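Analysis of the macromolecular model
These are the residues of each chain, in order.
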Amino acid sequence: MTSMKKLITATVLTGICSCSMFALAEEVYPDHTQRSTESETDTSSADQDPWILETDTTYDLDLDADGTAEAISFQSHMDDSDDQCKAILDLYVNGQQVWSATDENWSYSWRVCQCPLEDGSACLLAASISDNDWTNQTLLLARTEDSFQVLADLSDLSRETEENTDRLLSGWARADSILSADGTSFTVAWYDTLYSAGMMQIPVTYEVTDGTVTQSEDPVSLDESKSWTVWHSFDVLDAPESETLLYQATPGEILHLTGMQLLSGHRWLKCENESEQEGWFMDPEEFISETQEDGNMLFGYFEEAAFAG
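Basis of the calculations
Residues numbered from 1 in each chain as written. Predicted model: local features only at pLDDT ≥ 70, side-chain atom pairs only at ≥ 80, totals over all residues. Heavy atoms only, no water. Helix = DSSP H or I, 4+ residues; strand = E, 2+ residues; numbered from the N terminus. Buried < 20%, exposed > 50% of the residue type's maximum accessible area, 1.4 Å probe, protein only. Core = buried A, V, L, I, M, F, W, Y, C linked by side-chain atoms within 4.5 Å. Pairing = 2+ DSSP bridges. 1 Å grid on protein atoms, 1.4 Å probe; cavity = no way out; pocket = protein on both sides within 12 Å on 5 of 7 lines; lining within 4 Å. Points joined across faces, edges and corners; volume = space filled by probe spheres on them. Nonpolar A, V, L, I, M, F, W, Y, C, P; charged D, E, K, R; others polar.

Once that is clear, we can look at unusual backbone geometry. Residue Ala 65 is not a glycine yet carries a positive backbone phi of 60°. Turning to its location among the elements, Ala 65 is positioned in the loop between strand 3 (57–61) and strand 4 (70–79). For Ser 264, which is not glycine, the phi dihedral falls at a positive 55°. Mapped onto the secondary structure, Ser 264 falls in the loop between strand 19 (254–263) and strand 20 (266–273). With relative accessibility at 59%, the residue Ser 264 sits in the exposed group.

Quick look at the structure:
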């Protein structure tokens, strides 16, 4: 299953990959002062969304909640001196380099944002970026007395690997943005590919407790406003891993996908039909496609399912 999943999800649409990384919801963040070192005529994304930290820009941030703001900045550059692209991230506090990281997995740059927490402190979220916005590392960093500490790599927590297949996301999921932050938890938007529904945004919530980062085990909420038209029949059960058939989804039926949960290594999707019946179905373990009489190809379970290829 893992090898097939990687084959299907390895090439993610350029449209998805061009989404702005780590666009943060403005209302959930504390005020801070930005001191840009760029030209006044520059129209970088930092001018449009001050919560994204840009290179060549200094930010006055109180990351450790001690009541004193520090001048925070970073530099990102690529080293290809040995014919292998390596992305290097350097973090600076008050003009002094205090921490550095290198991603040697054919990465080209790093993108950084801030993630506020309940006590008034904030973590930094740093992702190494490669082709098609592939995020090899997604590091949550906390300020220490004289440096930064990696609390967790969210990619390791949430994406499956050959060694760890019991993960919510496939091995090719891309971290896209922070959707919200509340108290000691924050939610990151990932983009992944499901065999039933194709490419989807999967919001994953994390909790930070005493420096430990965990992924919420609660079912993930999906965009229930979107309508999905069934083209491939499948069984809808009354609960994940249940043997009780609620109904069979048939071609032409409209469903709303409202949630997702990982159980025993399988992804289960929660759905609701037009009669407001709520049920669950398991995401298939292999790629599904069929050529219609008019020559068009349909993929997955729904007409709206989009796959790269």
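The structure having been displayed, the exposition proceeds.
With that settled, consider the nonpolar core. By size, the foremost hydrophobic cluster in this structure holds 46 residues, and its most contacted members are Phe 186, Val 188, Trp 190, Ile 202, Phe 234, Leu 257 and Phe 302. For this core, the leading source of residues is strand 13 (residues 198–209), giving five residues. Core analysis: the second largest hydrophobic core is formed by 20 residues, Tyr 59, Leu 61, Trp 110 and Ala 126 among them.

On to the sheet that holds strand 10 (residues 148–153), then. The strand order across the open sheet built from five strands is 2-7-8-9-10, with neighbouring strands paired in antiparallel fashion. Two strands close off the open sheet at either side, each with one partner strand: strand 2 (52–53) and strand 10. Pairing between strand 9 (residues 135–143) and strand 10: five bridges, direction antiparallel. Pairing of Ala 142 across the sheet is with Gln 149, part of strand 10.

Okay, the layout of surface pockets next. As a volume, the largest pocket reaches approximately 280 Å³. Leu 168, Gln 215, Ser 216, Glu 217 and Leu 262 are the residues nearest the centre of the largest pocket, which is lined by 13 residues in total. Per-element accounting of the lining of the largest pocket gives the leading share, three residues, to strand 19. Of the residues belonging to the lining of the largest pocket, the class tally is six nonpolar, three polar and four charged. Estimates place the volume of the second largest pocket at around 230 Å³. Lining the second largest pocket we find 16 residues, and of these Leu 117, Asp 119, Ser 121, Cys 123 and Val 208 sit closest to its centre. Elements with a minimum of two residues in the lining of the second largest pocket: strand 8 (122–129) and strand 9. When its residues are assigned to classes, the lining of the second largest pocket shows eight nonpolar, four polar and four charged.

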